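Chains, contacts and geometry: an overview
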Amino acid sequence: MELTLPDLKIALDTAWVLFTAFLVFFMNAGFALVESGLCRAKNCVNILAKNYVVFAVSTLAFWLVGFALMFGNGNPLVGLTGFVPSLINGSSSFSALDWTSVPMAAKFFFQLVFAGTAATIVSGAVAERIKFGAFILFSAVMTAFLYPVAGHWIWGGGFLSTLSTPVHDFAGSTVVHSIGGWAALTGAIILGARLGRFDRNGKPHAIRGHNMMSVTLGGLILWLGWFGFNPGSTMAADSRAIAHIALTTNIAAAAGTLTSLLASWYMQKKPDLSMIINGTLAGLVAITAGCDAVSMAGAAAIGGIAGVLAVLAVFGFEKLRIDDPVGALSVHLVNGIWGTLAVGIFATVDGSIFTGANGLLYGGGMAMLKSQTMGVAVVGTFVAFASSAAWLAIKAAIGLRVGAVEETEGLDEGEHGMPAYVMNDEVSDFAPMAAGEFAMTNIPGTRRIVAENTAALKR
Amino acid sequence: MELTLPDLKIALDTAWVLFTAFLVFFMNAGFALVESGLCRAKNCVNILAKNYVVFAVSTLAFWLVGFALMFGNGNPLVGLTGFVPSLINGSSSFSALDWTSVPMAAKFFFQLVFAGTAATIVSGAVAERIKFGAFILFSAVMTAFLYPVAGHWIWGGGFLSTLSTPVHDFAGSTVVHSIGGWAALTGAIILGARLGRFDRNGKPHAIRGHNMMSVTLGGLILWLGWFGFNPGSTMAADSRAIAHIALTTNIAAAAGTLTSLLASWYMQKKPDLSMIINGTLAGLVAITAGCDAVSMAGAAAIGGIAGVLAVLAVFGFEKLRIDDPVGALSVHLVNGIWGTLAVGIFATVDGSIFTGANGLLYGGGMAMLKSQTMGVAVVGTFVAFASSAAWLAIKAAIGLRVGAVEETEGLDEGEHGMPAYVMNDEVSDFAPMAAGEFAMTNIPGTRRIVAENTAALKR
Amino acid sequence: MELTLPDLKIALDTAWVLFTAFLVFFMNAGFALVESGLCRAKNCVNILAKNYVVFAVSTLAFWLVGFALMFGNGNPLVGLTGFVPSLINGSSSFSALDWTSVPMAAKFFFQLVFAGTAATIVSGAVAERIKFGAFILFSAVMTAFLYPVAGHWIWGGGFLSTLSTPVHDFAGSTVVHSIGGWAALTGAIILGARLGRFDRNGKPHAIRGHNMMSVTLGGLILWLGWFGFNPGSTMAADSRAIAHIALTTNIAAAAGTLTSLLASWYMQKKPDLSMIINGTLAGLVAITAGCDAVSMAGAAAIGGIAGVLAVLAVFGFEKLRIDDPVGALSVHLVNGIWGTLAVGIFATVDGSIFTGANGLLYGGGMAMLKSQTMGVAVVGTFVAFASSAAWLAIKAAIGLRVGAVEETEGLDEGEHGMPAYVMNDEVSDFAPMAAGEFAMTNIPGTRRIVAENTAALKR
């Protein structure tokens, strides 16, 4: 087989798509660490399990149903071809993805990790009170139906992509983050607040997270993952595009970090690390829609505003008595919206790799901003209603919320029968001991067993 | 120097090989986190140290000896050329690797990270009772001799690769995982169970892991690492191949996750997160041999069966009174075997990128299954005997097992003189204090020192 | 647009540069984990926050000022063009980077992550006593001025790069690591030792780290990150170069791991895991300058010596009563110097991809060693003075060190108002409870709130 230049380009593009998809896959670890760390130790296994299993569920659901609904050939509302695709050879069922020439398997894999991200966003907002089974079920509905249908409208050739000024959502501020955010919002409302979060006068009581080491590592993994999320959405190793997008992504993250740092320092007197990390994520969510379409300065502005919005929104949702244990709504919903609208304001054809229209600040008038607003509103309305219906159906079928006793004792014991940490199960303080004298362990009868086994060992 | 298309292809292939090798290298972190988290806090430093140092040992041993034995030109049993290779220029000593055109240094590096993986698999099964020095020594033997010799038979041009139907082990279900698994099995048997694991009536007592945060992160790092392990084994950025393999790898992982979830939920009443994570790993181990040769549906079946096998095997090894603290045997040995055999069942030339023969289910008859069975049996027999000999030799030379006192107190203190966690070493509860009043720390005399230093600071 | 071979090469090179830059970015996580784990739990949030925020600060400072001073066209002492660059199109302001053909945005991004690394090195040496704001301020000065100016001399076309035998510092043993190390040294001296570290007789008291799980993971992340740091510094996917550099990097790391293991085992009686991890990092720092210029054997020697130096230096700095909580000086300063000098000893044109001159051991005489020594001395002198001035200016302006009460209580509470870990905030031991009986939490009044909310839930 002769080696050709176009083949080699496809090989490079495929390597790029897979590499970036792996980074996005790794965001599952980031979400697991951030969310579990920001919640209490007694619910840690449960949150880890949700975040771990959700990608497996997404893989099956998106393969069987979701990918076809999102990218299959169909009508402006939904895709209708390509269920349970074999993916080994090219397929004519997914003409909405014809713009990239990588193999069908690579297209699917890249889209799959995005679907998984949308599902995992929900996890944080419903943490510390949702039944494990109910969450798993919702994740399947999310990745099989909700995300694919709304995603079809913008990315699958649906009606929001064929407007005279199409909605521009390059890597998914709306398609991934605000869809996840709306489903998180309805879930948090329908579930209600955690016990003890608000007292009968509505006064909020802060519930502290339990592991900032994990939150910080998770935040950095997510920041890393976004270098897959945004630059990978080119689905080709276009040198100017991927370099520009890596930069706008990073500068928005940096700006969000610094403005949330300042906002937190000002409002809370001391810089709160969890606010700072959410500020980074807010900047990243916000730049996602327009990472290709704005300049370095535009990215800094978008991210900087996002960082402040994230801090304000945390207090706003608390005021509304909506209990979001990890700030998922402030990050993904609020800034998914902000980032999508911001494209209409900051898009610049000269200062970016974008070939569409200029935004408001660059002389493009209101056209883009109107389209973006419409995109936000239409998707939001649909997902808010559809996700509410899904939550309520699951509630009717198997119940959504664990019992009050289980919630108080912790979901780790109630749902999984195991604690996250066992630090003092056995001798751990290295107290000096006489040789041959064995410490008691808390397994009943261990002292005797140890003695017996030791004797046996000596024989 | 003129730029040519073949040179550029080599550059791309090299970038791909290195990128995927880095992911496989990072699996060291995954194994360290999973294994240490599934063991007790008092042995955490020891397990981390073993997993950390083992790659350094592998690097030296594989460079000096192992690479030559595995890939050197030689005979059907062993390679004999290329010891301590310089690797800077092409070498005629390794004709078994001529099929890929990347530089010799890249070939070596990719094979090295695989050797390291085989060695690190052993660590979990012998954890919480093996001497640090004994493990290090065994790792050197493993990567210098055991792994390279058996690996030569399948990957180095040895006798299992020249059968009329050659053994097909694309990325190493047998070569890496079952070799590691067999050495782990003999080690676990020769060492005996941990004190307290079984009482004198043979009744098992579960010993809980200590840190599920770490286990979960480790599991996700390993899942990520497998995207290097399998797609990288092409050793070239062949677009159709790497995309297909990424997908089969992922769907097997997802299926293993879900079936182990269901099996654990059914058998243990509640879904056990450590079982679920081992289920993922089981799916990944099992798909490793045939990731190139099976379809999406085949991969789902292989992974799904692997997830159930992993759960059943944990209880099986417990019945046999073999103590495997982290489930390494259930994951790597059982599913290394299953995955190798599965190629003989599920291989499909039409539904994959494979150009060999079809398996049993696709009309290929028993030919492949027979070869695969022979590969499993021959390699297993050799490694079981050779690793036993190595364990026993080390036992005779320096002893394998720590003393009962040390085991009870923990190997962190006994082998390394340091605890993994010091959470309450000093003031950590932020009790309100009057200015100028200093808390006691547990360093003798610190209160006085603090006072003195403070006075000094004020001068 | 027609596809051309040169364009495709640029695309591949850009993908390589971004991929490796992402790995270097991820080193921020490695540093955060290593440093916080090696310090006390009561200062963990503070150390995480410093390491987290420093990259955001670096992004802004390097974009606004630093990149222009380092790579802008100017004179032998400093760059003067290209402040606040737009980076979207090629720029004639940075002729020092013309040697690589990737887009300007990719050049900037790669250099940015290096600047961030230099800044983050400082963090460990000043940990557990520096004010958060003072560190942030110093980081800005570091990445806007100190690092760029000294870096200009070697990488930006400055006077050390135009010597008859130019200083050879391929990936930054001096430019990144020893610059960071010198600034860390002056900071540690000016701040003084932590309370309790030395008593009034100068006798040292070891202060233990609190989380070896985190340190080990961090160490492996840094090892991974170095596969970006060194092979990425080619700024092109040159197949022979990147494969060779990946190997020399790895073998130096492995050698440093093993020699520090042996040195620690010999000197401390038991192998200390934190010493071993620092030994790896020492090997990595040392090979950074000459990773392109030495052979496998040379790399093993450089890394092996580095591992011993790291262990010895820890005790050396302790003797000098310089308090470096994480061993940053032993790793980055001592081995940054050693690695730079080692190029003059081990450089080999035949055994590497280097096209310069041979070092001392390969018949090149003293020429290279002299240049390297001069590079070390000039950069060291400048950074020692300039960083001292910066530290003293910040001390005068806002103060450097937290109060003694805050230091004793921990900086997490004092600087951030939050603890890193809340393990026992609420029910976490799963003691058997009668249904309906709720555990007390330590949020005032929670028992009552729980009861009320439960009642509400039942209505």
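Placed above this text is the structure.
Attention here is on the structure that accompanies the text.

Rules and cut-offs
Residues numbered from 1 in each chain as written. Chains lettered and ligands numbered in written order. Predicted model: local features only at pLDDT ≥ 70, side-chain atom pairs only at ≥ 80, totals over all residues. Heavy atoms only, no water. Disulfide = S-S within 2.5 Å. Buried < 20%, exposed > 50% of the residue type's maximum accessible area, 1.4 Å probe, protein only. Helix = DSSP H or I, 4+ residues; strand = E, 2+ residues; numbered from the N terminus. Expected span 1.5 Å × (residues − 1). Bend = angle between axes of the 7 residues up to and from the residue. Polar contact = N/O pair within 3.5 Å; in protein donor to acceptor, adjacent residues only side chain to side chain. Core = buried A, V, L, I, M, F, W, Y, C linked by side-chain atoms within 4.5 Å. Contact = heavy atoms within 4.5 Å. Axes fitted to C-alpha atoms, helices over the stretch in contact; angles between N-to-C directions. Parallel < 35°, antiparallel > 145°, perpendicular 65-115°, else oblique. Left-handed = near helix turned anticlockwise from the far one by under 90°. Nonpolar A, V, L, I, M, F, W, Y, C, P; charged D, E, K, R; others polar. Buried area = accessible area lost by both parts, 1.4 Å probe. Salt bridge = Lys/Arg side-chain N within 4 Å of Asp/Glu carboxyl O.

Another aspect to go through is the state of the cysteines. All names here are of chain B. Here the structure, examined in full by the defined rule, presents zero disulfides over all chains. Cys39 supplies the cysteine sulfur nearest to Cys44, a cysteine that is in no disulfide, at a spacing of 8.9 Å. Judged by its relative accessible area of 0%, Cys44 is buried.

Next up on the list: helix α10 (residues 328-346) of chain C. All names here are of chain C. A rise of 1.5 Å per residue sets the reference length of α10, with its 19 residues, at 27 Å; its end C-alpha atoms lie 25 Å apart and thus fit the reference within 8%. Along α10, the largest kink reaches about 35 degrees and is centred on Asn335. Within α10, 16 of the 19 residues are buried, which leaves the element mostly enclosed by the surrounding structure.

With that out of the way, let us pick up helix α1 (residues 5-38) of chain B. Because the α-helix completes a turn every 3.6 residues, residues three or four places apart line up on one side. All names here are of chain B. For α1, with 34 residues, the first-to-last C-alpha span of 49 Å sits near the 50 Å given by 1.5 Å per residue. Summarising burial for α1: 30 of the 34 residues are buried, a large majority. Residue Thr4 occupies the N-cap position of α1, its side-chain oxygen lying 3.2 Å from the main-chain nitrogen of Asp7.

Let's shift gears to the nonpolar core. Nonpolar side chains in soluble globular proteins generally cluster together in the buried interior. Counting 469 residues, the largest nonpolar core has Tyr147 of chain A, Tyr147 of chain B together with Tyr147 of chain C as the members making the most contacts within it. In this structure Tyr147 of chain B touches Phe62, Met70, Phe114, Ala115, Ala118, Met142, Trp155, Val175, Val176 and Ile179 of chain B, once residues within four positions along its chain are discounted.

Let us look at the packing of helix α6 (residues 212-229) of chain A against helix α8 (residues 273-288) of chain A. Residue and element names in this part refer to chain A. It is at 10 Å that the axes of α6 and α8 come closest, and there the two elements cross at 15 degrees. One finds that α6 runs roughly parallel with respect to α8. The handedness of the crossing between α6 and α8 is left-handed. Contact with α6, carried on its side by Met212, Val215, Thr216, Gly219, Leu222, Trp223, Trp226 and Phe229, involves Leu273, Ser274, Ile277, Thr280, Leu281, Leu284, Val285 and Thr288 of α8 and no other residues of that element. By residue class, the composition of the contact of α6 with α8 is eleven nonpolar, five polar and no charged.

A few words now on the interface of chain C and chain B. On the side of chain B, 76 residues touch chain C, which itself brings 74 residues to the contact. When chain C packs against chain B, close to 6300 Å² is buried across both sides, 78% of that on carbon and sulfur atoms. Where chain C touches chain B, the interface holds nine residue pairs in polar contact (both at pLDDT 80 or more). Counting residues per element, the ones that place at least two in the side of chain C that touches chain B are α1 (5-38), α6 (212-229), α7 (239-268), α8 (273-288), α9 (296-319), α12 (404-409) and α13 (411-416) of chain C. A total of 15 residues in the side of chain C that touches chain B trace back to one element, the largest contributor, which is α7 of chain C. Split by residue class, the side of chain C that touches chain B holds 43 nonpolar, 16 polar and 15 charged.

Listed as interface residues are 74 residues of chain A and, on the opposing side, 77 residues of chain C. Buried area between chain A and chain C, both sides added, is near 6200 Å², and the carbon and sulfur share of it is 78%. When residues of chain A are sorted by the area they lose upon contact with chain C, Leu5, Met213 and Leu220 of chain A head the list and together hold 11% of the total. Put simply, chain A and chain C have zero salt bridges between them. For the interface between chain A and chain C, the tally reads nine residue pairs in polar contact (both at pLDDT 80 or more). Elements supplying a minimum of two residues to the side of chain A that touches chain C: α1 (5-38), α6, α7 (239-268), α8, α9 (296-319), α12 (404-409) and α13 (411-416) of chain A. With 15 residues, the top contributor of residues to the side of chain A that touches chain C is α7 of chain A. Along the lines of polarity and charge, the residues of the side of chain A that touches chain C split into 43 nonpolar, 16 polar and 15 charged.

Function cannot be inferred from these measures alone, as they are strictly geometric.
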